[in-house]
Amino acid sequence: MNLPNLNEARKRTNKKVEIREDKYKLSNTQKAIGINKNYFIKTYGCQMNEHDSENIKAILNDMNFNETDTLEQADLIILNTCAIRENAHNKVFGLLGRIKHLKQTKEVMVGFGGCMAQEEVIVDEILNKYKWIDFVFGTHNIVNLPNIIENATNNKKQEIEVFSGEGEVIENIPVKRDNKYKAWVNIMYGCDKFCTYCIVPYTRGKQRSRLPKHIIDEVNSLIKEGYKEVTLLGQNVNAYGKDLEIDYTMANLLEDVAKTKIDRIRFVTSHPWDFNDEMIDIISKYDNIMPYIHLPLQSGSSKILKLMGRRYTKEQYLELFKKLKSKISNVAITTDIIVGFPNETEEDFNDTLDIVNTCKYDSAFTFIFSPRVGTPASKMLDSISLEIKEARLQKLNQLINKYSKENNDKYLNKTVSVLLDDYSSKKKDCLKGYTDTMKLVNVKADSSYLGKIVNVKITSIKTWSMDGEIVE
Ligand code: SAH
Ligand code: SF4
Ligand code: F3S
């Protein structure tokens, strides 16, 4: 294994991607490993990891493990980790402390996977300081979990399988979905954008698109199973197809998925760079493509955007934003913003506030820049204090919250369509769901409405959600 290396990593983009449909196999011995045993899984990070955990759960299911949500009852504990920022690391190490104590009181096998397992610094730390962790598996190695767990059971020594099998797209991994009505569908893996602050192109590898027919087949079988909504997943879905040897783009894929007639289609995440007019036309043409777009800004300063390697300017972003707003009726747009990128001046930060004031986002995820080992931005000298960065974050959040509230307030007394996808965690006798524009709504309704798309009149607006009543 090597440290993430930008120059080495860039060369990989020319490698040919192999589509494998034959990699998932289970022996009878492996199928018996989990009998009378429980597993506990903790997932950190983005939707990609959530969906990977759905694969991991299905594999453990095939090995006859049962899921438990109590750490203490587990015979096998799996951590599916995230490396995006330092605080993601810290949370994982916090839980590892608890697990270590547990392991002193009972026999339990511990597996460490996900994006942190793709970082050499972390794997070194596990080898040296966390010798009690039974196995480590990378983001490319999930399909091989039965072998990894079997080896860990037999050998009683730390198993580490983290390779960059990044030249492959693996089909036919089983999946145990968390929700019965809405599903994640991977359309591509990895990322080749190499934004200078970001660890993802290293932890997830080279961009690899799935073949259109595999995606469409998956959506069609989801429809047969009663699913109402799919979210097409990728770190940068707008670049879908660029690595395929056929002439087929994200606009083509969106149209073909729309033609399956599934009720609702979403997609994340959209890098502004690859968002073209064909895509916008398709989104506005098909009613089952939801009017909701996550369009990360990162910074409003063209100088900082350049240092981030985002390849668009403040003006280009605004132009795209306005086009989306004017061409897609009722579209909601959310974003991601980083403050405190190395040497971000007050003027740069004000540029960000300016854009927020112009775009009035429906909501936003905001972060303080966190240097990631091996990325170019981690080597940039930085003269701005943490105190200033924290003050900027707070100021930005206040502005974001103000516009979120204003956008939500517009929904009061309106009737909107909501897919009721689960019981409400907050309100008794209520179901919860999302509007087409991705607003969370709690609706007074009994379980017969689960999985239905209903018209809901919004009766009150909360900070992070809304309440509503079904109207027939
Ligand atoms: N592929 C998506 C982003 C995935 S990571 C995209 O390009 O939009 C989600 C968000 O985490 C990013 O949009 C960015 O705002 C934030 N992020 C990524 N690396 C970070 C870092 N080193 N420090 C702080 N925030 C970071
Ligand atoms: Fe990271 Fe940029 Fe790729 Fe998003 S597009 S995953 S921010 S490198
Ligand atoms: Fe985290 Fe990996 Fe996702 S770093 S944000 S879990 S791709």
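Keep in mind the model is a prediction, meaning the values are calculated, not measured.

Caption draft 1: A look at the site of ligand 1. As a matter of local geometry, ligand 1 sits amid 15 residues, with Q235, P296, Q298, D336 and S370 nearest to it. One nitrogen or oxygen atom from the side chain of Q298 is found 2.7 Å from an oxygen atom belonging to ligand 1. One of the side-chain nitrogen or oxygen atoms of R310 is found 3.4 Å away from an oxygen atom of ligand 1. Protein contacts shield 90% of the accessible area of ligand 1, which totals 540 Å² for the unbound molecule. Elements represented by at least two residues in the shell around ligand 1 include exactly β15 (332-339) and β16 (363-368).

Caption draft 2: Seen up close, the site of ligand 3. In the vicinity of ligand 3, the residues found are C46, N49, C82, A83, I84, C115, V200, R204 and Q235. Here the shell around ligand 3 spans two domains, since at least three of its residues come from each of domain 1 (6-161) and domain 2 (177-409).

Caption draft 3: Structural view of the side chain of D336. When you line up the elements, D336 lands in strand β15. Despite its burial, D336 pairs with no opposite charge; the closest candidate is R85, at 7.0 Å N-O. One polar contact links D336 to H294, side chain to side chain, over a distance of 2.9 Å. If sequence neighbours within four positions are ignored, D336 has contacts with H294, P296, L297, Q298, F365 and F367.

Caption draft 4: Examining the packing of aromatic side chains more closely. Enumeration over the complete set of coordinates arrives at eight aromatic pairs. When the ring of F194 is compared with that of Y202, the centres are 5.8 Å apart and the planes differ by 65°; the resulting orientation is edge-to-face. Relative accessible area serves as the criterion here: at 4%, F194 is assigned to the buried category. Given a relative accessible area of 11%, Y202 falls into the buried group. A ring pair is formed by Y312 and Y317, whose centres lie 5.9 Å apart and whose planes are at 35°; its orientation type is tilted. Residue classification places Y312 among the buried residues on the basis of a relative accessible area of 6%. Judged by its relative accessible area of 1%, Y317 is buried. In this structure an aromatic cluster arises from ring pairing among F93, Y130 and W132. Taking NZ or CZ as reference, K42 lies 5.5 Å from the ring centre of Y44, over its face. One Lys or Arg, R85, reaches over the ring of F367 and ends 3.6 Å from the middle of that ring.

Caption draft 5: Looking closely at the sheet that holds β15. Pairing within the open sheet is parallel, and its three strands lie in the order β14-β15-β16. The strands lining the two open edges of the sheet, one partner per strand, are β14 (292-294) and β16. Sheet twist, expressed as the average angle between the axes of neighbouring strands with direction ignored, equals 10°. Pairing analysis gives six bridges linking β15 to β16, with the strands arranged parallel. Paired with D336 across the two strands is F365, which belongs to β16.

Caption draft 6: Region of interest: the packing of helix α8 (residues 212-224) against helix α9 (residues 250-259). Close contact between α8 and α9 brings their axes to 10 Å; oriented N to C, the two are set at 25°. Put simply, α8 runs roughly parallel to α9. Seen from above, α8 lies across α9 with right-handed handedness. Side by side, α8 and α9 meet where I215, I216 and V219 of the first sit next to L253, D256 and V257 of the second. Taken together, the residues of the contact of α8 with α9 break down into five nonpolar, no polar and one charged.

Caption draft 7: Main features of the layout of surface pockets. In this structure, the second largest pocket occupies an estimated 660 Å³ of space. In this structure, the second largest pocket is lined by 29 residues; those nearest its centre are N55, I170, I173, N186 and Y189. Elements with a minimum of two residues in the lining of the second largest pocket: α3 (47-62), β8 (168-170) and α8. Looking at which element gives the most residues to the lining of the second largest pocket, the answer is α8, with five residues.

Each value, and the rule that gives it
Each residue is numbered by its place in its chain's sequence as written, counting from 1. Going through the entries in the order they are written, you letter the chains from A and number the ligands from 1. Local features in this predicted model are restricted to residues whose pLDDT is 70 or higher, and side-chain atom pairs enter the listing and the counts only when it is 80 or higher, whereas totals over whole chains, interfaces and linings include all residues. Just so you know, side-chain values use all the structure's heavy atoms and leave hydrogens and water out. Whether a residue is near a molecule or strand is decided by its heavy atoms; if any one of them lies within 4 Å of it, the residue is near. For this analysis, a polar contact is any N or O atom pair within 3.5 Å, provided that within protein one partner can donate a hydrogen and the other can accept it, and provided that sequence-adjacent residues contribute only side-chain to side-chain pairs. For every accessible area listed, the method is Shrake-Rupley and the probe measures 1.4 Å; residues are considered covered only by the protein chains on display. Secondary structure elements follow DSSP: runs of H or I of four or more residues count as helices, runs of E of two or more count as strands, with numbering from the N terminus. In this document the domain limits rely on a domain assignment from an automatic tool or a database. Partly exposed describes any residue whose relative accessible area lies between the buried limit of under 20% and the exposed limit of over 50%, with all areas from a 1.4 Å probe on protein chains only and scaled to the type maximum. Charged residues are defined narrowly, with Lys and Arg counted positive, Asp and Glu counted negative, and His plus the chain ends left uncounted. The term salt bridge refers to a pairing of a side-chain nitrogen on Lys or Arg with a carboxyl oxygen on Asp or Glu at a separation within 4 Å. In this analysis, two residues are considered to be in contact whenever any of their non-hydrogen atoms come within 4.5 Å of each other. Centre distance within 6.5 Å is the pairing criterion for rings of Phe, Tyr and Trp, where only the six-membered ring of Trp is used; planes under 30 degrees apart are then read as stacked, over 60 as edge-to-face, and the remainder as tilted. Whether a charge sits over a ring depends on NZ of Lys or CZ of Arg being within 6 Å of the ring centre and within 35 degrees of the ring normal. When DSSP finds two or more bridges between two strands, those strands count as paired. Angles shown run from 0 to 180 degrees and are taken between the N-to-C directions of axes, each axis being a line fitted to C-alpha atoms and, for helices, limited to the stretch in contact. Roughly parallel means an angle under 35 degrees; roughly antiparallel, over 145; roughly perpendicular, 65 to 115; everything else is oblique. Crossing handedness: left-handed means the near helix sits turned counterclockwise from the far one by under a right angle, and right-handed means the same turn made clockwise. The nonpolar class holds Ala, Val, Leu, Ile, Met, Phe, Trp, Tyr, Cys and Pro. Asp, Glu, Lys and Arg form the charged class, and all remaining residues, Gly among them, are polar. The method works on a 1 Å grid over the protein atoms by themselves. A cavity is a set of points holding a 1.4 Å probe that cannot get out, a pocket is an open set with protein on both sides within 12 Å along at least five of seven lines, and residues with an atom within 4 Å of a point line them. Grid points are joined across faces, edges and corners, and a volume is the space filled by probe spheres set on the points.

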